[in-house]
Amino acid sequence: MPNIHDQRLLIIDFGSQYTQLIARRVRECGVYCEIHPFDVPDHFIAEYAPMGVILSGGPETVTAGSTPRLPEAMLAMGVPILGICYGMQTLAEQLGGVVQASDQREFGHAQIRAEQPSLLISALGGAEAGHRDVWMSHGDKVTKLPEGFVVTASTASAPIAAMEDPQRRLYGVQFHPEVTHTAKGDQLFSVFARDICGCEGSWTAENIVEDAIAQVRAQVGSDRVVLGLSGGVDSSVVAALLARAIGDQLTCIFVDNGLLRLHERDEVEAAFAPDSGIGSSLALQIKTVDAKDEFMQKLAGLSDPEDKRKAIGNTFIDVFEREALALDGVKWLAQGTIYPDVIESAASKYGKAHVIKSHHNVGGLPARMALSLVEPLRELFKDEVRRIGRHLGLPDSLVFRHPFPGPGLGVRILGEVKAEYADVLRRADHIFLTELRAAGLYEQVSQAFAVYLPVKSVGVVGDARRYAHVIALRAVETVDFMTARSARLPYDLIELVSNRIINEIEAVSRVVYDVSSKPPATIEWE
Ligand code: XMP
C-alpha cells in the first residue's frame, strides 16, 4: 500500500472560522492535509514537504503592517499555492500587488464572471463566460495585480475576484470555495489538489483503516491496551479499529454511571456482541462496570454545575483507574482524540478565531496512571471518523449519533442529581428521540435531548390535579457546536411529544420547548 501521508497539502491558518472546512474539502478529494498556523518555523515547512499549499482567510487586514504574512520559505518552495480571501490578499501584497480597504464590506452570495480561461475557475462549472454563484466575506480587495498574474474572475464590486499566475502555479480567490454556498466549490479543491498539485487521492476510508491498523501494531507491539468505551462515535470507532489491529490485547471498560440514556448500555453491548455485524469478526472484550451508586453518592448534595462536572469527572477517573489497574500488565490507554482537538490545543498564539473548549472528558487520566497514549483518530475529522466507522461495520445508530456530553444526564438535571430524576429524564428523552426519529428528523438536527427542571408546576390530568416537575425539550442546528440555533421543529411534533411525556410519565406536569440560540445561551442547560 502507498504511504497515504506522502502526497499531502499544507493548509496555512490565518485565523478564519472556515479553516477546518478547507481541510475537510481537501480530504474529501482523497488528499491528506494538515492545518498549521501561519507562524510555523521554516524548518517545519521543509520537513513537511507539501505538494501544495492553501492559505486560509482571516480576520485581519493586510493594509496594516503588523498583521500575519506568509513565510517567505513557502514562496521559495515552488509548489502550487492557493490563497483564499485574506490568503489571496497577502499573497498579492507580498508579491508586489496592492490591497486596499473597500468602501463597503461584501458579505454573502455573489456572482463571479470568468474573465480568462482558467483551470481552477472552470471547475466551478457554468458556461465559459457565464456566472458562478460564490460566497463572499471580505472588506479589503486586491486592486493591483502582482507581476505575472492575470485576472480570472470578477464581481461587480471586486474587479479582481480571482487571479492566477499559471506559470508559477500561484492562485488566489477572493470568495470562499470551502463553504457549501459556493456552488461546486468542492470541484475547485479537487482541481487544485489533484490536477494542479498532482496528488493521486489515496486518502480513502479503506486506506486510512489499513494505515491506522499498521501504525497501532507498530506502536503497541504485544502490549495490552485499555479503552474507556462510552458509546459515543469516537470511542466506538477506536474500539472497532483496535479490535481489528490487536484483537484480544484490547480490553474496553464501559462505566455505567447512572447518567446514561435509556438502553444505552444495552445498545453498546449489542453493537459489539459476537452475533452483531462487527462483533462476529472481532473478539472484543468489554468489561461493564456498574458504578451507579458510587456516582450518585458523590453527587449527593451538589447543585453547582462546575462542582457536579468535577465530581463526575473525578469519579470516572477513580472507577476507570481501579478497573484498569485490576487488569494484568496494561501499558497503553487508548483515547478517541480527534483532529479538531489537536488543532485547538496547537493553535497559534495569534489565532483569534480559536475558541478554547472547556470540556474534557478524561483529563488527568494518562498522567495519573502512568500509561502511554494510543490515539488512532488524532488525524481525523468527525466526518472521517464516521466514514471509517461505517467501513469497519459499525451500525448507523452508533455512527450517526448526536453528541452526548461526558457528564451525561448529570448536566441535564438542573441542580442536585437524584436517581429518580435520572429515571424520569431517561424516559422523557427516549420519547422525544423516538418521535423525532419517527418523523424522519433525527438526522436533520445536530443534537436533541430533554432536560429535567426540578421546579413544580400545576397540571390537570383527567380529573385530577397534578403538581409535578417540568421537562424542557432542546433541539439545535449547528455546524461546529460553537454557535447554534434552535431547530424549527414542527409544532405538531412538539405537541405530540409533550402529550406523550405528560400522559406516560406521572412525575411530569408540563413540557416546554427551548428556543434560545447559542450565543447567548449554551446548548446544554448547565
Ligand atoms: P455547550 O453546552 O457548551 O455545548 O453549548 C457544546 C457541545 O459540547 C457538549 N458538551 C460537553 N461534552 N463534556 C463533553 O464531552 C462536557 O462536559 C460537555 N458539556 C457540553 C454539548 O453536548 C454540545 O454538543
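Computed from a predicted structure; not experimentally measured.

**So, the side chain of R474**
Here is step 1 of the chain: By secondary structure assignment, the location of R474 is in strand 16 (residues 464–477).
Here is step 2 of the chain: A residue is classified by how much of its surface remains accessible, and R474, at 0% relative accessible area, is buried.
Here is step 3 of the chain: Only 3.0 Å separates the side chain of R474 from the backbone oxygen of I523, close enough to count as a polar contact.
Here is step 4 of the chain: Not counting residues up to four positions away in its chain, the partners in contact with R474 are F432, Q447, A448, F449, S486, D514, S516, A521, T522, I523 and W525.

**With respect to the domain arrangement of the protein chain**
Here is step 1 of the chain: Structurally, the protein chain comprises domain 1 (8–196), domain 2 (205–399) and domain 3 (412–513).
Here is step 2 of the chain: Averaged C-alpha coordinates put domain 2 and domain 3 at centres separated by 28 Å.
Here is step 3 of the chain: Each side of the interface is counted separately: domain 2 has 15 residues, and domain 3 has 12 residues.
Here is step 4 of the chain: Between domain 2 and domain 3, roughly 1,100 Å² of surface is buried when both sides are summed, and carbon and sulfur atoms account for 63% of that area.
Here is step 5 of the chain: Connecting domain 2 to domain 3 are 0 salt bridges.
Here is step 6 of the chain: Applying the counting criterion to the domain 2 and domain 3 interface returns 5 residue pairs in polar contact (both at pLDDT 80 or more).
Here is step 7 of the chain: When the residues that make up the side of domain 2 that touches domain 3 are grouped by side-chain class, the tally is 8 nonpolar, 4 polar and 3 charged.

**Things to note about unusual backbone geometry**
Here is step 1 of the chain: Residue P519 follows K518 across a cis peptide bond; omega there is -15 degrees.
Here is step 2 of the chain: In this structure, P519 sits in the segment after strand 18 (508–513).
Here is step 3 of the chain: With an omega dihedral of 5 degrees, the bond running from P519 to P520 counts as a cis peptide bond.
Here is step 4 of the chain: Among the secondary structure elements, P520 is positioned in the segment after strand 18.
Here is step 5 of the chain: Phi angles above zero are rare outside glycine, and A49 is one such case at about 45 degrees.

**Considerations on the sheet that holds strand 9 (residues 170–173)**
Here is step 1 of the chain: Here we have 9 strands laid out as an open sheet, ordered 2-1-3-4-9-8-7-5-6, and mixed in their pairing. Across the chains shown, the open sheet's two edge strands, defined by having one partner strand only, are strand 2 (32–37) and strand 6 (131–144). Ignoring which end each strand starts from, the neighbouring axes of this sheet average 20 degrees apart.
Here is step 2 of the chain: In terms of strand pairing, strand 3 (residues 52–55) meets strand 4 (residues 81–84) through 3 bridges, oriented parallel. Following the sheet pairing, V53 is matched in strand 4 by I81.
Here is step 3 of the chain: The strands touched by helix 1 (residues 19–28) within the sheet are strand 1 (8–13), strand 2, strand 3 and strand 4, with strand 2 carrying the most contacts at an inclination of about 165 degrees.
Here is step 4 of the chain: The strands touched by helix 4 (residues 86–94) are strand 3, strand 4, strand 5 (98–114), strand 6, strand 8 (162–165) and strand 9; relative to strand 4, the strand with the most contacts, the crossing angle is about 120 degrees.

The rules behind each value
Throughout, residues of each chain are indexed from 1 in the direction in which the sequence is written. With the structure being a predicted model, the display of local features is reserved for residues of pLDDT at least 70 and the display and counting of side-chain atom pairs for 80 or more, all residues being used for whole-chain, interface and lining totals. Excluding hydrogens and water, the side-chain values take into account all heavy atoms of the structure. Counting from the N terminus, the helices are the DSSP runs of H or I reaching at least four residues and the strands are the DSSP runs of E reaching at least two. Buried residues are those whose accessible area, probed at 1.4 Å on protein chains only, stays under 20% of the maximum for their type, while exposed residues exceed 50% and partly exposed ones sit between those limits. Distance and chemistry together define a polar contact, namely a pair of N or O atoms within 3.5 Å, with one atom able to donate a hydrogen and the other to accept it when in protein, and with adjacent residues in sequence counting only for side-chain atoms on both sides. By the convention used here, residues are in contact when the closest approach between their heavy atoms is within 4.5 Å. Annotation comment: domain bounds sourced from an automatic or database domain assignment. Reported buried area values correspond to the accessible surface (1.4 Å probe) lost by two parts on association, with both partners' losses combined. Put simply, a salt bridge is a Lys or Arg side-chain nitrogen that is within 4 Å of an Asp or Glu carboxyl oxygen. Basically, the charged four are Asp, Glu, Lys and Arg, the nonpolar ten are Ala, Val, Leu, Ile, Met, Phe, Trp, Tyr, Cys and Pro, and anything else, Gly included, counts as polar. Note: two strands are recorded as paired if DSSP finds a minimum of 2 bridges between them. Convention adopted: a line fitted to C-alpha atoms gives each axis, helices being fitted over their contacting stretch, and angles between N-to-C directions are expressed from 0 to 180 degrees.

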